Amino acid sequence: MSRTIAVTGATGFIGGMLIKHLLAAGWCVKALVRPRSASKIKHLPGLETIIGSLQDDESLNRLLQGAAAVVHCAGAVRGVTATEFNAVNVEGVKQLVRAALTQSPRPKFLLLSSLAARAPELSYYASSKRQGEVALASMAEDMEWMALRPPAVYGPGDKELLPLFQWMGRGIAPVLGEAEARVSLLYVEDLCAAVLRWLDSERCQSGVYELNDTQAGGYSWDEIIANVSAMRSGHIIRLPLPAALLRSLAAVNVTTARLIGYAPMLTPGKVRELRHPDWVADNTALTAAIGWQPSFSLQAGLRRTMGWTESGSAA
Ligand SMILES: NC(=O)c1ccc[n+]([C@@H]2O[C@H](COP(=O)([O-])OP(=O)(O)OC[C@H]3O[C@@H](n4cnc5c(N)ncnc54)[C@H](OP(=O)(O)O)[C@@H]3O)[C@@H](O)[C@H]2O)c1
């Protein structure tokens, strides 16, 4: 079997960590990188950069040639309109699947979806991730595939969750959801380990799989704060942000983004995701399919990410 893996989204948080793990495990990696992002990618032994895009079939063919599998990490995570999200998270998936189907032999296909796909009614992002899964499932023919649904992922290089943990580390915990809401979390290296396990597994049942960290049943906001509190000295002040305030901030953000021309993270759809009561994932099916199990608790992941220790001092 070829030892080459094609990866998209390698310049992002998750894709960047994934290529390090793939290279360390002895895989050769071909990474699709957009021309404007070429400077973001480090030249590492075993890594070949394919300059191109999801819209360019020629670059996708070069990416996939000789690859045993493709791991599709590229995705739009910020934006305002359905069109913005669908162009990448639906049409991009279709384009890559079509290119994969023309290869001989066909690579295995792993789509990094999202737990958000479980509730597509909440946001354009969630809807686009669900549609991406549906497109893959309906187009794949005999190609082996998996769509992974991670919950909120954190780790070095993450720009979304890390600021929240940094605030908690300084003694202030912005609480963005309902007190009784529960969320699963996942340390990025556990996600990479799941991908590597899938790559090494014999043909497993194609389908959509959830995954989460060592805490089955997820966390309440209080439990997240208690975990951080155990790793730093001093009291953490809870700062609940009411839904109305978040919605107002999101509306201002969307208007500003339209005026200045950037893709915002906090939108009305993101607020609905943040206020959703149940983002608890379940590892059971994935563990049965490929034998993967998470290694990191929240505290272990934060230790690796923030350099915190149980006593509250930097490692
Ligand atoms: N982070 C999480 O908590 C989380 C949780 C669940 C699922 N996910 C999924 O995991 C994937 C990666 O997320 P991330 O947090 O690593 O996001 P990220 O840091 O924003 O990275 C996104 C990656 O996708 C690439 N990309 C975006 N639009 C593209 C396009 N039109 N064509 C080609 N490449 C494009 C970006 O390339 P450029 O550098 O060129 O912009 C970048 O490499 C996404 O599909 C996301 O939905 C993330």
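About the thresholds
Along each chain, residue indices are assigned from 1 in the same order as the chain's sequence is written. Per-residue local features are limited, in this predicted model, to residues with pLDDT of at least 70; the limit for side-chain atom pairs, both in listing and counting, is 80 or more; totals at the level of whole chains, interfaces and linings are taken over all residues. Note: side-chain values were computed over all heavy atoms of the structure, leaving out hydrogens and water. Secondary structure follows DSSP: runs of H or I at least 4 residues long count as helices, runs of E at least 2 residues long count as strands, and numbering of each begins at the N terminus. Based on C-alpha atoms, the radius of gyration is set beside the globule rule, defined as 2.2 Å times the residue count to the power 0.38. Type-normalised accessible area, obtained with a 1.4 Å probe on protein chains alone, sets the label of each residue: buried when under 20%, exposed when over 50%, and partly exposed for intermediate values. Working rule for contacts: check all heavy atoms of both residues, and any pair within 4.5 Å makes them a contact. Methods summary: accessible areas were calculated by the Shrake-Rupley approach with a probe of 1.4 Å, and residue burial reflects only the protein chains presented. Counted as positive: Lys and Arg. Counted as negative: Asp and Glu, with His and the chain ends omitted from the count. Note on charges: their place is set at NZ of Lys, CZ of Arg, CG of Asp or CD of Glu. In this scheme Phe, Tyr and Trp rings, the latter by its six-membered ring, pair at centre separations within 6.5 Å, and the angle between planes marks the pair as stacked below 30 degrees, edge-to-face above 60, and tilted otherwise. The criterion for strand pairing is that DSSP finds at least two bridges linking the strands in question. Expected helix span is taken as 1.5 Å per residue step, with the number of steps being one fewer than the number of residues. For helices, the fitted line uses only the C-alpha atoms of the stretch in contact; every axis is such a line through C-alpha atoms, and the angle between N-to-C directions lies from 0 to 180 degrees.

Colleague: How should the overall build of the protein be read in this particular structure?
Modeller: Looking only at helices and strands, the protein has twelve helices and 13 strands in total. Taking 20 Å as the expected radius of gyration for a compact globule of 315 residues, we find that the protein reaches 19 Å, a close match to that expectation. With the C-alpha coordinates of the protein rotated into their principal frame, the extents come out at 60 × 45 × 35 Å. Looking at the protein as a whole, 55% of its 315 residues are labelled buried. Counted over contacts in the protein with a minimum sequence separation of 6, partners at least 24 positions apart contribute 75%. Only carbon and sulfur atoms are counted for the fraction: they give 55% of the accessible area of the protein, which is about 13900 Å². Both charge centroids of the protein, one from 31 positive and one from 27 negative side chains, sit 5 Å from each other.

Colleague: Sorry if this is basic, but what is going on with the packing of aromatic side chains here?
Modeller: The geometry of two aromatic rings is summed up by the distance between their centres and the angle between their planes. The full count for this structure, using the stated rule, is four aromatic pairs. With a centroid separation of 5.5 Å and an interplanar angle of 70°, the aromatic rings of Tyr 154 and Phe 165 are classed as edge-to-face. Here Phe 165 lies in helix α6 (residues 162–169) and Tyr 154 lies in strand β7 (residues 152–154), a separation of eleven residues in the sequence. When its relative accessible area of 0% is taken as the criterion, Tyr 154 is described as buried. On the basis of relative accessible area, Phe 165 is assigned to the buried category, the value being 2%.

Colleague: Is there a simple way to think about the environment of Phe 13 in this case?
Modeller: Relative to the helices and strands, Phe 13 is located in helix α1 (residues 13–24). When the C-alpha atoms of Phe 13 and Ser 184 are compared, they prove to be 19 Å apart, with 171 residues separating the residues in sequence. Leaving out residues up to four positions away in the same chain, Phe 13 has contacts with Val 153, Tyr 154, Gly 155, Pro 156, Gly 157, Asp 158 and Val 188.

Colleague: Would you explain the pairing of strand β5 (residues 108–112) in this entry?
Modeller: The side chains of a regular strand alternate between both faces of the sheet. Most of β5 sits out of view: five of its five residues are buried. Of the two faces of β5, the one carrying Lys 108, Leu 110 and Leu 112 and the one carrying Phe 109 and Leu 111 are both buried. Summarising the sheet, strand β4 (residues 69–72) and β5 pair through four bridges and their orientation is parallel. The residue bridging Val 71 from the neighbouring strand is Leu 110, located in β5. Alignment of β5 against strand β6 (residues 145–149), held across four bridges, turns out to be parallel.

Colleague: Any chance you could explain α1 here in plain terms?
Modeller: In an α-helix, one turn spans 3.6 residues, which is why side chains three or four residues apart end up on the same side. Over its twelve residues, α1 extends 17 Å from the first C-alpha to the last, a length consistent with the 16 Å expected when each residue adds 1.5 Å. Among the residues of α1, Ile 14, Gly 15, Gly 16, Met 17, Leu 18, Ile 19, Leu 22 and Leu 23 are the ones counted as buried. Just past α1, the residue Gly 26 takes up positive phi, approximately 95°.

Colleague: Would you mind showing me how to read the sheet that holds strand β1 (residues 4–8) here?
Modeller: Backbone hydrogen bonds are what pair the strands of a sheet, in a parallel or an antiparallel way. The sheet built from seven strands is open, its strands ordered β3-β2-β1-β4-β5-β6-β11 with parallel pairing. The outermost strands of the open sheet, each flanked by one partner alone, are β3 (47–51) and β11 (207–210). On average, each strand axis in the sheet is tilted by 20° relative to the strand beside it, whichever way the strands run. Relative to β4, β1 runs parallel, the two being bridged by four bridges. Its bridge partner being in β4, Thr 8 is matched across the sheet by His 72. Across the sheet, helix α5 (residues 124–139) lies against β5, β6 and β11, angled at about 165° from β6, the strand it touches most.

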